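# Observations on the three-dimensional arrangement
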There are 2 protein chains.
Amino acid sequence: MVTIKDVAKLANVAPSTVSRVIANSSRISEQTKKRVREVMEELGYHPNLQARSLAAKSTQAIGVIMPNSAYYAFQNPFFPEVLRGISTSSHDNKYGIYLSTGSTEDEIYHEVTSMVLGRRVDGVILLYSRINDKTMRFLQQSDFPFVVVGRPDENEERVSYVDNDNIHITKQVTNYLIELGHKNIAFVGGSINFVVTIDRLNGYKLALQDAGIPFNEDYLVHEDFIKENGREAIASLMNLSDPPTALVTQDDLIAYEMISHLEDMNIRVPDDISIVSFNNLMLSEHSKPPLTSVDICIYQLGFEATKCLLEKISVPDTLPKRITIPTKFIERKSCEQKK
Amino acid sequence: MVTIKDVAKLANVAPSTVSRVIANSSRISEQTKKRVREVMEELGYHPNLQARSLAAKSTQAIGVIMPNSAYYAFQNPFFPEVLRGISTSSHDNKYGIYLSTGSTEDEIYHEVTSMVLGRRVDGVILLYSRINDKTMRFLQQSDFPFVVVGRPDENEERVSYVDNDNIHITKQVTNYLIELGHKNIAFVGGSINFVVTIDRLNGYKLALQDAGIPFNEDYLVHEDFIKENGREAIASLMNLSDPPTALVTQDDLIAYEMISHLEDMNIRVPDDISIVSFNNLMLSEHSKPPLTSVDICIYQLGFEATKCLLEKISVPDTLPKRITIPTKFIERKSCEQKK
DNA sequence: CTGAAAGCGCTTACAG
DNA sequence: CTGAAAGCGCTTACAG
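Right, let's walk through the structure included here. As the structure is a prediction and not an experimental result, all values here were calculated from the model. (Residues numbered from 1 in each chain as written. Chains lettered and ligands numbered in written order. Predicted model: local features only at pLDDT ≥ 70, side-chain atom pairs only at ≥ 80, totals over all residues. Heavy atoms only, no water.)

## Here we look at the sheet that holds strand E12 (residues 328-330) of chain A
Note on sheets: strands pair through backbone hydrogen bonds, and any given pair is parallel or antiparallel. Residue and element names in this part refer to chain A. With mixed pairing, six strands are arranged side by side in an open sheet as E7-E6-E8-E9-E10-E12. Both edges of this open sheet fall to strand E7 (220-221) and E12, since each of them pairs with a single strand only. As paired elements, strand E6 (residues 185-188) and strand E8 (residues 246-249) share four bridges and run parallel to each other. The residue bridging valine 188 from the neighbouring strand is threonine 249, located in E8. Helix H9 (residues 166-179) rests against E6, E8, strand E9 (274-278), strand E10 (292-295) and E12 of the sheet, and its axis sits at about 165° to E8. Seen against the sheet, helix H12 (residues 252-264) touches E6, E8, E9 and E10 and runs at an angle of roughly 155° to E9. (Pairing = 2+ DSSP bridges. Helix = DSSP H or I, 4+ residues; strand = E, 2+ residues; numbered from the N terminus. Contact = heavy atoms within 4.5 Å. Axes fitted to C-alpha atoms, helices over the stretch in contact; angles between N-to-C directions.)

In structure tokens form, the structure reads like this:
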């Protein structure tokens, strides 16, 4: 392996000079730079990132933390899509991505502590926000640069995060259904441990309240339910004495599954039941019927989170901030006027 | 930051002893281990991974290289799913994952060279195999441990890789359509630059040949086409004087899109046209109609690739090998007897 | 079973 | 504008 010393020797300079040439320090003459660079080229020199990190106390890498890599969550294109935003932005800034994908909360916690304490990364992006999360608490307590994609459960004002205005958009979306004449609107949500579910549920309730529609506990379906047995979950919902005529669904993937089960039960979308959903996956355009969905701009969530994190890394006393990514309501064909 | 020296001082031992305790060396007495561990606990010591890497010349991380992060590719659940396999296996072995997601071939090349030459990782998994790939060539020439998910284009015998038997399974799948009475079978494939497309295309041709059906150039649709304008691609296929009655489709995602366009043209699946596809995404069960698809065991591809790589890292003279992951043909409802 | 010393390949005050 | 030296936090022969 060719090191800085080899280059120094051949170029007749000190190792420190070579180091400065690499950093393109303005204190080195162009002439020397040229000579050193030629030697680097000749020898095929490449800086050892480990050594640099150790000496400079900066890794040029960020940690990206996925939620429990349950089968279900992982087939969700949400993650590749945020990753795409993250990697574009980090790559632009010469940062690498260190990925953590624990399969339990404990595993995640350990991966993160080891990442942070072991100085593998300069900062961390949390790709989820759950209630009572010890990983996030650890990050806060150790005063390590981090950014959350999603609204934090605790200490909201003291952490930087990037999110959509979930309460607001879910309220709007529910209103949209109400204006179509629906009163029996069910909410098919993700796990209640995630803040995004809580926020959307609240937006949903707010809309009902404004319209004077009482909230009906029976109209609440949890993801945990669906995972277990989606068919039964939807069946018991539709077999209610007063079944819903519209659904607000946490994400497109769940919506697809619901539609499939509904069709099996001979309930047609949108004729018999309207569905609006979130994420606007590429597929949603091609599903049958094309899904009316809220585009939450996943790519941008990732991109902005990274930008925010890198800013915090380079300027440690940057104040915590909330960045709200605007959404787009994409009206397609899964909703209809109540008959 | 608490270092090995702090621990050593407080425990009244040499730093080297602390280091050996961390490595759980058998040459240290249980008594000393205990005392040192207590101090580590007390001080909240955590080893600096950078320093360790530098001294031990091992990073405990593997690099995972995604293909060009084009929008399209990235919404494909293939990647999260291989990642899940990779991360399970690497996590079991205390390895971290360093992710590279260039958006052009050049970017990928640079990320990989810097990863390898900069000693960020101990080995690399290539998540794609394309023809004429300088990244792979670089990996080979630098004699760096790496494993390919997919069959390499060059030097097949000299590189380790994990793959399905794509030629064979595509032949089978095409046969399945032939046995249903189809003769006009089109192939809707990914980019011809990827070896997986080449192999599947060959399997398809082989089946035709065995059945004495001449290969028809017009029945070949490329992904590049579809990305541009999927609707038009399928339209010109179906407007042929002798349109296909069956489709072999490179992956489920493309299949969904095809189905959607077909329905728009009032061509029904499977009544008017049969479709078989690859990957068996979670969604395929819920699509309309449920897709007949080949489950290529994506998770396992990732898992085995990692196992193979870690083996190579720990035993450098391990011989190159090919690992073939078995597939499952999942018959659902997108194919029908030719009328 | 344990320690002193050298070294991994860099960076960065300090000095000139 | 450049160099000598110390140091980042570990590991690992070597010696006893």
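From this point, the discussion proceeds with the structure in view.
## Quick notes on the interface of chain A and chain B
On the chain B side, the residues contacting the 48 residues of chain A number 48 residues. Approximately 4,900 Å² of surface area, both sides summed, lies buried where chain A meets chain B, with 62% of it carried by carbon and sulfur atoms. Lysine 288 of chain B is the salt-bridge partner of glutamate 263 of chain A, the closest N and O atoms lying 3.6 Å from each other. Taken together, the links from chain A to chain B amount to 18 residue pairs in polar contact (both at pLDDT 80 or more). (Buried area = accessible area lost by both parts, 1.4 Å probe. Salt bridge = Lys/Arg side-chain N within 4 Å of Asp/Glu carboxyl O. Polar contact = N/O pair within 3.5 Å; in protein donor to acceptor, adjacent residues only side chain to side chain.)

## Focus on the relation of the copies chain A and chain B
The transformation that overlays chain A on chain B combines an axial shift of 0.0 Å with a rotation of 180°, and the residual RMSD is 0.0 Å. Expressed as a symmetry operation, the mapping of one chain copy onto the other fits a two-fold axis. Across chain A, the rotation axis passes nearest the C-alpha of tyrosine 98 of chain A, at a separation of 2.3 Å. Taken as a fraction of all interface residues of chain A, those also at the interface in chain B reach 100%, which identifies the copy contact as same-surface. (Least-squares fit on C-alpha atoms with pLDDT ≥ 70 in both.)

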